[in-house]
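Each chain, letter by letter, is given below.
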There are 4 protein chains.
Amino acid sequence: MSKTRVGIINVTGYVGIELARLLCQHPEVELTSVTGRSAAGQKLGQVFPHLSNIDLTIEAKLGDVDLAFSAMPHEESAKEVIPLLGCGIKIVDMSADFRLKSAADYQTWYNFAHSAPQLLAQAVYGIPELHRKEIAEANLVANPGCYPTCSILALAPAVASGIIEPDIVIDAKSGVSGAGRSLKLGSLFSEVDEDVTAYSLDGHRHLPEIVQEIAALFSGNTPRITFVPHLIPMTRGMLSACYATLIPGKIAGTGKNLKEALKQIYRDYYAGEPFVRVVDSAPHTKHTQGSNFCHVYPTYDPRSGKLIVISCIDNLGKGAAGQGIQNMNIMLGIPETTGLRSPAMFP
Amino acid sequence: MSKTRVGIINVTGYVGIELARLLCQHPEVELTSVTGRSAAGQKLGQVFPHLSNIDLTIEAKLGDVDLAFSAMPHEESAKEVIPLLGCGIKIVDMSADFRLKSAADYQTWYNFAHSAPQLLAQAVYGIPELHRKEIAEANLVANPGCYPTCSILALAPAVASGIIEPDIVIDAKSGVSGAGRSLKLGSLFSEVDEDVTAYSLDGHRHLPEIVQEIAALFSGNTPRITFVPHLIPMTRGMLSACYATLIPGKIAGTGKNLKEALKQIYRDYYAGEPFVRVVDSAPHTKHTQGSNFCHVYPTYDPRSGKLIVISCIDNLGKGAAGQGIQNMNIMLGIPETTGLRSPAMFP
Amino acid sequence: MSKTRVGIINVTGYVGIELARLLCQHPEVELTSVTGRSAAGQKLGQVFPHLSNIDLTIEAKLGDVDLAFSAMPHEESAKEVIPLLGCGIKIVDMSADFRLKSAADYQTWYNFAHSAPQLLAQAVYGIPELHRKEIAEANLVANPGCYPTCSILALAPAVASGIIEPDIVIDAKSGVSGAGRSLKLGSLFSEVDEDVTAYSLDGHRHLPEIVQEIAALFSGNTPRITFVPHLIPMTRGMLSACYATLIPGKIAGTGKNLKEALKQIYRDYYAGEPFVRVVDSAPHTKHTQGSNFCHVYPTYDPRSGKLIVISCIDNLGKGAAGQGIQNMNIMLGIPETTGLRSPAMFP
Amino acid sequence: MSKTRVGIINVTGYVGIELARLLCQHPEVELTSVTGRSAAGQKLGQVFPHLSNIDLTIEAKLGDVDLAFSAMPHEESAKEVIPLLGCGIKIVDMSADFRLKSAADYQTWYNFAHSAPQLLAQAVYGIPELHRKEIAEANLVANPGCYPTCSILALAPAVASGIIEPDIVIDAKSGVSGAGRSLKLGSLFSEVDEDVTAYSLDGHRHLPEIVQEIAALFSGNTPRITFVPHLIPMTRGMLSACYATLIPGKIAGTGKNLKEALKQIYRDYYAGEPFVRVVDSAPHTKHTQGSNFCHVYPTYDPRSGKLIVISCIDNLGKGAAGQGIQNMNIMLGIPETTGLRSPAMFP
């Protein structure tokens, strides 16, 4: 039997080449077509020597495939994938174009009128830990943003179990590859190296995703989320620190007992999940580097009454390409961990 | 007239050599003695080639000086400086040994019984922006920790003006030099590089300093402070993100007007301060690298009702040696900015 | 049929955990035992969370295995593996203990008397590109140093084809993980970050390996090799620049023709080699990060008459653990690329 | 008496802002005008918050000054400074436009026809250690490239004393700030971080400068120089390793004696030089960070008969802005070290 044919639209960005890296090692699908405007006509290995083993030419137009990843920028991605959907090609859209349920949000947050608002209801938000069943039946999966993936996985057990107040602070830190491969002053080595900064303090585009998913988990309450992302001088890796007041009496015990009970809530919530590890001490992004794992550490500050959850991922792994492959596996009925079992590269 | 003679106890750590770097350029004092146990007997320039211009031998015992900086570890520092105080030598203690007013806190947070609790009341906590007058009259100044300096300067105007609730989250990020020059697995390049982690989640030793100073600024209220430090893959630099709920009605206006009014509160509070800059956009640690400046950016999130203040310093500058020199200048009646006017090194 | 059982002696250093990372994904062998003194008794995943998928406890003594990797320090490694060899266990020794053919060299370069000089003749120097046949028949393979691997692969085609004078300069640059996981001032983040330095200018221990292998390829001539290593602020990666005078008339053509003919010599030499890529422009270490590939770029400077060869590897990949697995595959008769086909992680 | 007025043409690049940083602390001159095309009309402190202490607006056209630094790109710089020279303004040109004595070299290496070839003879190549007297009398000083500064200072004593063969290899390593502040894929953080590469293997533009100055020091011989630059993942810093065969018999002694005699040649050559330190062990770029110092370490490899010289500078300090200020001081008759005595920032 021939393998499922898979393609990547816009392979030349960091998400595109990470998808290619993972797909060329995947035993159940075959990467058969990659596109890219500026580099069209060149061999993939000419542009990216580390991918020389993949014998493909970068094309201007996607070839025949059964499933396509779109790594196009937002607004352009929707235009690219809508006709493919019409041809029966399954889509994992790495852009934001199908993540939000409300078309108006695209005007507000992305400043464009969505070209296919009718598809928003049909698209599935691709966090398998929350929406595995819908993903399995979907033709169009919106792969989540890196910040939402990291933050939602940190908060979901606490929100779903009703133990925290709805006033939540998310302080997130990201490596620079999250800013992509385009030329910006703020991505130059000499500007970023030896520097930390907060950004998008007037509202980051990943906030509505986070609100949408967290609100769905809160019963009755509307969460008030303060989200501040930071840029860190490293290439890959993302860490979120989430803060919320623990509702007194919801978890029995004090001190170590309370912390252990809290951790048990997290362990129960993620029982059986292959890519979420509830860890026993504050996690390091480097322990997830290059992998599809998310490490989550919940704890409690008895002085302030706050739940603190630290979570981390590789922003290009579970935060993008890795989760994209995970979604693909689910959509194709392949065992979910196929091609994704590699441990992180450490150090 | 001969210059004031200044010494550094334990010059061989990062704080010690940063003090030496600044003092050798200071026009009003003369660095005349430096000590260090392991390197005693060697020329300073042999151990630290960048300091070859300073013609001093590292000694086992401090020579005759008028003022001494102690860069000893906590517990040892107090023992070292107490006899010097008795000889009439002014002291800037870079360790934690005289920062806390309550002797019991040393048992709780540092696990030792303080050897001179009677001096705690007399010692002045050396943030000039809060305690300039007391510093001018002090013989013993406790130079603040880097996290407290960065966080207190971020919060003081908001707390003093009564505009925020007392439930405060401080999410801080520090370069690795803050961990000092001693050999620890967690300070190795290959462990820290390309990594971010939160640490001391059960309580960092800088928390009681922050609480002590912030509580003094709150009228009537006891603040509940959640403080989580992070380690960032860079040598120098510290950035704090502070979150608190703005009490409705305390600041007039909405949207941009409210943000501008908020900024004005900060500008007024720091009017005339030579080393605190209230900036117009989210600050970068690199814009303070090697300098004694603190950049503070207050803003407001209308979605969540939160005040957000981002502040940054060089942890070895305003967070340690720079502020030490600033304190020395005040103690000696020298113009406060002497020897500290250098802009940051960027990039 | 049960899989070949493999063990790692001293899993807790960077080479040890890289071996574990690669072996746990290897389809033809099973990692069944790992040892480590300080961490004995702990689960591998407790000490190294990224290896949580490997369900092994770190032991004090190696269990029953068919082949063992020794990642012990030199001098200790020989003592550890000699009894295992006697039990019929195949050995890939990651240390220097069996790399040199002359026992006297151990006294000169490593300052110890070799405990089993009779094994030196029997041990095979494990660069498959030079010694594949002997490796296939060996019970004891000495895995080469990282600098020798990178430099020998750069020079072998030029030396073997007789086109260069025997006066060779090798200027090599290494990431910090090559210094290992032990606590040294020179490995601290704040010392290494934003710094480059040359070291071991009085003679690096990898020099005799390089000389031994290059001398064997020179017919008649004794090479004079100047080798200067540098430390670079990055975790992984190694790049060698090799310089030698091209003997006039040995390669026909001038300008581009000569460069092309030179490149053809390299392509012919490495034809069929799965892990050496002769590339078309100056290579980047990052294009080999985490992989077992070596990228080699030979060129010619017509102004000075010099052959210049730039080569790069991941010092923990082809420079250590990757090549170790490659040697194991050959020793066990498994297809050589098994478990090693992953492309580099970029960016 | 009013201070000498100094201006910076094109302040917005890394060399421009480093000049501004140094000039604002210089006690004998006053920075009175800065220009920059894209940022014209903005306050310097708006664009570069670390320079907020400098109360200047970036102008489109240079104001009245006595001396100007041009930090324009090559080809444009000559056009900018020629009219200023005509007005009697002294010029320190940071570009390459007046470094080479042969107008034809501009066609060959920079691909443009020089607009004022008659000025090439009159311009002085601004390495004070070689051309101090001419600089003192010059109106136009061509500030050397960073690689030439670092390499020439490493080689000059050996060449001038006639102890080496004329076949020289220079393997140089530079931080990324040397590539400037313009937007290039190769300067992005995610591309450069954790990477080393060699570049310009077909000939770097700094080679003719090096050849010009080294040839002038060789009596009778024409040097054959192989120069290979590398890009290192750090912002500032440059290190050159220079290799040449020591002519037998030129230095008496063997082993340590020979090395000591060699070092003495270097010490004698640089006796009295305020910014060149002949150091006793392999230097670290970080020991020159932010300063105008050059550290030089000459040694000898008895196995290969090679002289090895390691030198390092801050590419923006002695490699650009620092040396520019040093040249200015000499041109204006100000003590040469004025404004340049700051030790390096370490760590």
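Residues numbered from 1 in each chain as written. Chains lettered and ligands numbered in written order. Predicted model: local features only at pLDDT ≥ 70, side-chain atom pairs only at ≥ 80, totals over all residues. Heavy atoms only, no water.

Caption draft 1: Seen up close, the packing of helix α6 (residues 146-160) of chain B against helix α8 (residues 207-217) of chain B. All names here are of chain B. Axis separation between α6 and α8 bottoms out at 10 Å; the angle between their running directions is 15°. By the angle between their directions, the pair α6 and α8 is classed as roughly parallel. For the crossing formed where α6 meets α8, the hand is right-handed. Counting all contacts with α6, which are made through P148, S151, I152, L155, A156, V159 and A160, the residues of α8 involved are E209, I210, E213, I214 and L217. (Axes fitted to C-alpha atoms, helices over the stretch in contact; angles between N-to-C directions. Helix = DSSP H or I, 4+ residues; strand = E, 2+ residues; numbered from the N terminus. Parallel < 35°, antiparallel > 145°, perpendicular 65-115°, else oblique. Left-handed = near helix turned anticlockwise from the far one by under 90°. Contact = heavy atoms within 4.5 Å.)

Caption draft 2: Seen up close, the packing of aromatic side chains. Applying the stated criterion across every chain yields a total of 26 aromatic pairs over all chains. Ring geometry for Y110 of chain C and F112 of chain C: centres 6.5 Å apart, planes at 65°, overall edge-to-face. When sorted by exposure, Y110 of chain C lands in the same class as F112 of chain C, which is buried. These aromatic residues form a ring-pair network of at least three members: Y106, Y110 and F112 of chain A. Here R277 of chain A stacks its cationic end above the ring of F293 of chain A, 3.8 Å away from the centre of that ring. (Phe/Tyr/Trp six-rings, centres within 6.5 Å; stacked < 30°, edge-to-face > 60°. Buried < 20%, exposed > 50% of the residue type's maximum accessible area, 1.4 Å probe, protein only. Lys NZ or Arg CZ within 6 Å of the ring centre and 35° of its normal.)

Caption draft 3: Local environment of the interface of chain A and chain B. The interface of chain A with chain B comprises 48 residues on the first partner and 48 residues on the second. Here chain A meets chain B over a buried area of about 4000 Å², counting both sides, of which 53% is carbon and sulfur. Among the residues of chain A in contact with chain B, E194, L201 and R303 of chain A are the three that bury the most area, contributing 16% of the side total. Counting across the interface, chain A meets chain B through six salt bridges. (Buried area = accessible area lost by both parts, 1.4 Å probe. Salt bridge = Lys/Arg side-chain N within 4 Å of Asp/Glu carboxyl O.)

Caption draft 4: Spatial organisation of the domain arrangement of chain A. All names here are of chain A. Domains assigned within chain A are domain 1 (4-122) and domain 2 (147-315). Taken over C-alpha atoms, the centre of domain 1 sits 27 Å from the centre of domain 2. Contacts between domain 1 and domain 2 engage 13 residues on the former and 13 residues on the latter. Contact with domain 2 buries surface across domain 1, with Y14, R99 and W109 losing the most and accounting together for 49% of the total. Counting every contact that joins domain 1 to domain 2 gives two salt bridges. Where E209 meets R99, a salt bridge forms, and the shortest distance between an N and an O atom there is 2.8 Å. Partitioned by chemical class, the residues of the side of domain 1 that touches domain 2 number five nonpolar, three polar and five charged. (Domains from an automatic or database assignment. Nonpolar A, V, L, I, M, F, W, Y, C, P; charged D, E, K, R; others polar.)

Caption draft 5: Representation of the pairing of strand β11 (residues 238-246) of chain B. All names here are of chain B. For β11, the buried fraction is high: eight of the nine residues fall into the buried class. As defined by bridge partners, strand β8 (residues 164-174) adjoins β11 across eight bridges and the pair is classed as antiparallel. Bridging across to β11, I164 finds its partner in L246. Sheet topology note: the β11/strand β14 (residues 306-313) ladder contains eight bridges and is antiparallel. Within β14, the residue paired with A244 across the bridge is L307. (Pairing = 2+ DSSP bridges.)

Caption draft 6: Quick look at the pairing of strand β13 (residues 294-301) of chain C. Residues and elements named next belong to chain C. Within β13, eight of the eight residues are buried, which leaves it mostly tucked inside the rest of the structure. Pairing between strand β12 (residues 276-278) and β13: three bridges, direction parallel. Residue pairing for β13: V278 is matched across the bridge by V296. Both β13 and strand β14 (residues 306-313) contribute to a ladder of seven bridges, which runs antiparallel. Residue pairing across strands places T299 opposite I308, the latter belonging to β14. With antiparallel pairing between neighbouring strands as the criterion, β13 and β14 make up a hairpin whose turn holds four residues, including G305 at a positive phi of roughly 75°.

Caption draft 7: Structural detail: the interface of chain B and chain D. Taken together, the contact between chain B and chain D spans 32 residues of the former and 31 residues of the latter. Here chain B packs against chain D, burying approximately 2600 Å² in sum over the two surfaces, 60% of which is carbon and sulfur. Broken down residue by residue, the surface that chain B buries against chain D is led by H50, M345 and P347 of chain B, which jointly contribute 25%. Taken together, the connections running from chain B to chain D amount to zero salt bridges. If you look at where chain B meets chain D, you find eight residue pairs in polar contact (both at pLDDT 80 or more). It is helix α1 (residues 14-23) of chain B that contributes the most residues to the side of chain B that touches chain D, four residues altogether. A class-by-class count of the residues in the side of chain B that touches chain D yields 13 nonpolar, eleven polar and eight charged. (Polar contact = N/O pair within 3.5 Å; in protein donor to acceptor, adjacent residues only side chain to side chain.)

Caption draft 8: A look at the pattern of salt bridges. All told, the structure shown has 76 salt bridges over all chains when counted by the stated rule. A salt bridge links D167 of chain B to K306 of chain A, with the shortest nitrogen-to-oxygen separation between them at 2.7 Å. Highlighted residues: D167 of chain B in strand β8 and K306 of chain A in strand β14 (residues 306-313), drawn from two different chains. Among the salt bridges present, the one from R236 of chain C reaches D314 of chain C, with a minimum N-O distance of 2.9 Å. Here D314 of chain C lies in the loop between β14 and α10 (317-332) and R236 of chain C lies in the loop between β10 (224-231) and β11 (238-246), a separation of 78 residues in the sequence.

Caption draft 9: The arrangement of the side chain of S151 of chain B in detail. Mapped onto the secondary structure, S151 of chain B falls in helix α6. With near-sequence residues (within four places) excluded, S151 of chain B lies in contact with I170, I210, S240 and C242 of chain B.

Caption draft 10: View of helix α6 (residues 146-160) of chain A. Residues and elements named next belong to chain A. The end-to-end C-alpha separation of α6 is 21 Å, in line with the 21 Å expected for 15 residues at 1.5 Å each. The buried fraction of α6 amounts to 14 of the 15 residues, a majority that puts the element mostly inside the structure. Looking one or two residues beyond α6, the residue adopting positive phi is G162, at roughly 70°. (Expected span 1.5 Å × (residues − 1).)

Caption draft 11: A nonpolar patch on the surface, seen in detail. Together, L183 and L185 of chain A together with L183 and L185 of chain D give the surface a local cluster of nonpolar side chains, amounting to about 310 Å² of exposed area. Relative to the elements of secondary structure, L185 of chain D occurs in the loop between β8 (164-174) and α7 (189-192). (Patch = residues over 30% accessible without salt bridge, like charges linked within 9 Å, V, L, I, M, F, W, Y side chains within 5 Å. Areas by Shrake-Rupley, 256 points an atom, 1.4 Å probe, with all protein chains shown as cover.)

Caption draft 12: Representation of the relation of the copies chain B and chain D. In the superposition of chain B on chain D (RMSD 0.0 Å, axial shift 0.0 Å), the rotation amounts to 180°. The superposition operator between the copies reduces to a two-fold rotation axis. In this assembly the copies share their binding face: 97% of the residues contributing to the interface of chain B also contribute to that of chain D. (Least-squares fit on C-alpha atoms with pLDDT ≥ 70 in both.)

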